[in-house]
Amino acid sequence: MNEKHSPEAEHDSNPLDRRAFLKWSAAVGGTAALASQLTFGFDPIDSAEAAAESGKWVFAACWHNCGGRCANYALVQDGVVVRQKTDDTHPDSPDYPQQRGCARGRSQRHQVLGVDRLKYPMKRAHWSPGGGNKELRGVDDWVRISWDEALDIIASETKRIIDTYGNKSILTPRLAPSRVLNALGGAMQSWGVSSAGAWPQPSALMAGNLNLSAPDRMTYRKASLIVLWGSDPAWSSAGDPTYNYLQARNAGAKFVFVGPLHSNSVQVLADEWIPVRPGTDAALLLGMAYHMIDNNLQDQDFLDKYAVGFDAQHMPEGADPKENFKDYVLGTYDGVPKTPEWASEISGTHPRTIRQFAEEFARTKPAIFIGGAAPARTQKGQQFVQAFLTVGWMTGNVGLDGAAVCNNYHSSASYGGSSLVKPGGSGLKSLGNPLFPRGGSGYAFGYPEDTDFYACAYEEMWDAILNKEFTATVRGKIPCDVRMIWTVTPSSGGNALNQVAGINKGIEAYRSVEFVVSSDIVLSTRSKYADVVLPDTTPWEDEAGGFLTGNPEILFFYSQVIPPLYEAKDCGYWFERELAKRMGLDPDEIYSITPQQQTFNQLAGASVIKKDGSGYEPLVTITAEDIQAMGVEGDPQQGRITLSEFKEKGLYQVERSPGDSYTFTPGIAFREDPEANPLSTASGKLEIYCQALSDKIAAYGFSTLPPIAQYNPPIEGYQATFEDWDKRVKGEYPFQMVTLHYMRRSHSVFDNITQLRKAFPQGLWMNPIDAEELGIAHGDTVQISSPHGTVIRPLIVTTRTTPGVVILGEGAWVEYDDALGVDKAGATNSLCGTHPTGQGEEPWNTTIVRVEKWHGPALEADYTWPHRVPIKEA
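Given the structure is predicted, the values throughout are model-derived calculations rather than measurements.

Trainee: Which residues make up the pattern of salt bridges, and what values go with them?
Mentor: Per the stated rule, a full pass over the model turns up 52 salt bridges. In this structure, glutamate 359 engages arginine 363 in a salt bridge whose closest nitrogen and oxygen atoms are separated by 2.8 Å. Of the two residues, glutamate 359 and arginine 363 are both situated in helix H16 (residues 351-363); the distance of four residues between them amounts to about one turn of the helix. Overall, the relative accessible area of 58% leaves arginine 363 in the exposed class. For arginine 640, the salt bridge goes to glutamate 617, with nearest N and O atoms at 2.7 Å. Highlighted residues: arginine 640 in the loop between helix H25 (624-630) and strand E26 (641-642) and glutamate 617 in strand E24 (residues 616-618), separated in sequence by 23 residues. Relative accessible area serves as the criterion here: at 29%, glutamate 617 is assigned to the partly exposed category. Each of Glu157, Arg160, Lys468, Asp481, Arg483 and Glu514 takes part in salt bridges that share partners, so that together they form one network.

Trainee: So what about H16? Which residues, and what values?
Mentor: Taking 1.5 Å as the rise per residue, H16 with 13 residues should run 18 Å; its terminal C-alpha atoms sit 18 Å apart, in good agreement. Burial in H16 covers these residues: Pro351, Thr353, Ile354, Phe357, Ala358, Phe361 and Ala362. Along the axis of H16, the buried positions cluster into a sector of 155 degrees, meaning they face one direction only. Every exposed residue of H16 that faces more than 90 degrees away from the buried side is listed here: Arg352 and Arg363.

Trainee: How would you explain the sheet that holds strand E1 (residues 56-59) if you had to name every residue and give the values?
Mentor: Note on sheets: strands pair through backbone hydrogen bonds, and any given pair is parallel or antiparallel. One open sheet holds the three strands; their spatial order is E1-E2-E3, and the pairing between them is antiparallel. Single-partner strands in this sheet number two, and they are E1 and strand E3 (80-85). Each strand of the sheet is rotated relative to its neighbour by a mean of 35 degrees, with strand direction disregarded. Here strand E2 (residues 73-77) runs beside E3; their pairing, made up of five bridges, is antiparallel. Bridging across to E3, alanine 74 finds its partner in glutamine 84.

Trainee: Give me the lowdown on the nonpolar core, citing residues and values where you can.
Mentor: Ranked by size, the top nonpolar core spans 75 residues in total, and within it Trp229 and Trp393 carry the most contacts. Top element by residues in this core is helix H12 (residues 281-294). It accounts for ten residues. The contacts of tryptophan 393, once residues within four sequence positions are left out, are Met206, Ala207, Phe302, Leu303, Val398, Val405, Leu686, Glu687 and Ile688.

What counts, and at which threshold
- Residues numbered from 1 in each chain as written.
- Predicted model: local features only at pLDDT ≥ 70, side-chain atom pairs only at ≥ 80, totals over all residues.
- Heavy atoms only, no water.
- Salt bridge = Lys/Arg side-chain N within 4 Å of Asp/Glu carboxyl O.
- Helix = DSSP H or I, 4+ residues; strand = E, 2+ residues; numbered from the N terminus.
- Buried < 20%, exposed > 50% of the residue type's maximum accessible area, 1.4 Å probe, protein only.
- Expected span 1.5 Å × (residues − 1).
- Arc of directions from axis to C-beta.
- Pairing = 2+ DSSP bridges.
- Axes fitted to C-alpha atoms, helices over the stretch in contact; angles between N-to-C directions.
- Core = buried A, V, L, I, M, F, W, Y, C linked by side-chain atoms within 4.5 Å.
- Contact = heavy atoms within 4.5 Å.

What follows is the structure in structure tokens.
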């Protein structure tokens, strides 16, 4: 595997020649065809079945972090993918729904087979050891190189940097370091909370092991009221969640949505929409609490028995009785009653609406109170979570059938409880990072008191590089010296430069280090600013196949659809072993088992819940012939389905029905007997006053937090839009911006797909009242500026957003124009500032901006923009 050979020899030896690739390009319609139609590559099932007579349907991975996992089949004819289809494995029904693909999954072959797929290893034209002309990162030309040269460069630069500056000089942003780097002594890792926002620590320390997941989807149908606060499952949780919620609505539940956007979920499900300004959710909740307390609507018996900290008579041992939640809300000691009028001034929600909502919520049982992640992705986001849990617990909707107070988003939206079907372990031994022993990007779930790690929060990465220091939690600021950025990761890996706040600062940081290496399937932002880029394979090209999990009722087993295109290589197993050889390491110590063996181990260990719900049993029947055909080691076994059936269908879904053995309601045992089933909190009860949470947040070193829910204005929150808050004089940045999960992309993935660009324009949403006041109209190109950067985008005037709040979809691939000083693509992180807070969560939804008409060069529609094809072929 380490032979020397030319790029031409590599190209010639590849089983996929240029002619085959052109056939695939023709099959997916070509760039011009994509710009003129929006078919998304799926066909009606009847025509798909007819086409399959001359081809084979293969279950294909849809591997993106969209919040769902759906069925995706590729029709392969003569080695060419000609169609896709989605789930047709069983009739669709509310109890046993199909796992249908969305517009993104329907565009998968345009991503895998796109004209902009990276074909060869490349280096920057003006790169040289030590960096060369580093200012040209992002704008330099690319030069094709061989895999041998690419591996030699990476090995040489890695050795040089480690020998000169040490392992701590290599940063792996938002990724676990490579196994090779770990074997060499590790690298500086990054940590924090992205999707969950501020939820982890309040959940762990206020509720303990109560399990703040939602109830089972069948249990939703028993609820009288369902509140989704800051949640938009129709766009943020792909798959079946919206359909599941619809069944609850059809069963009689009333739906109330709270948030600044009249979303697609609101349009489909809501009986009532309650607008609230971004970052002010805690104030609205406190106003609700005041109305409940003032009218004695709280479930006092529940609070007295199951919680601490609500009032002076039920404070935890050692706490000052005056610091209880009730007296704070009433203003007993600070002189500021948190009335609905007080809350309205901050949140923008009418006092009458606050009272009516509080009244209805307090009087309705069973109710499911669902807190989304968006309000927690704010600076000081913990205060929202504290207030949300407290107000939810005030109603006593815990441990009751059809009730819950929970955090629910992403793949768990509308689902609760343990997975009913799951893969086994891969058998690959861990090879941890010596510089980050606890490891993992979820470091903010605990351990800020550790002193044996070397890692910085996501929000501090760019500052750490530029300022040469970072916050090491309880140790305070410590020095660092980053010389290399490493983003060699599988194709499903992160795109930190695009997806972490402060892109402009990030570009400056990228241009300051000595070496940047990346792997990718296309020239995304993380690779555009690199020195050496490696062409990775996609899961469609993985010879061993693999598994994907989504909602707890399904398990997907995908197969190889096509062999690797051009010179694409697996940048996990293959790359790491080849690099290990050049670094003087034993590749068998880096990867001790093959991908095929790992897949087999997951198959053999896959389990499914027994039909009586009493435990788990093997999922897959594996024969001796199966083991021989896979070329792996293992033992035959009996399971619920055969391996051939699992591979052909590509999924196993547990069939559900009302009253089955799999239903789940969180907190029942605690509700029935809190003495026998205490929570894992310090008090054994729900902690409305939680000193442990306050101490933990302080230990992270970014901000402080009172032990009870309070409202304190966040940095770049609503109050920051005013030059003078007391006189209500608007300031330089009078609008709040929300960074919306958008159907065009899964975060930044798919933003290169022409048909999705055309179907879902990347425009700034603004309320007509604001547009008229500014003298701008629908379709105008506008300039959006924040204290951190400027973007230009077309204006979409709509009543779906509230006055004073503008909406921009997150994840657009930044197209920074150095001459104009603007990002033309509308990447939200060009506008979001780096404000490390709490437990290292990223505060995207507290961003303030100014909007004005753009008077520069015309902005062409981005679906007409050329693809990023780094090396043009004759």
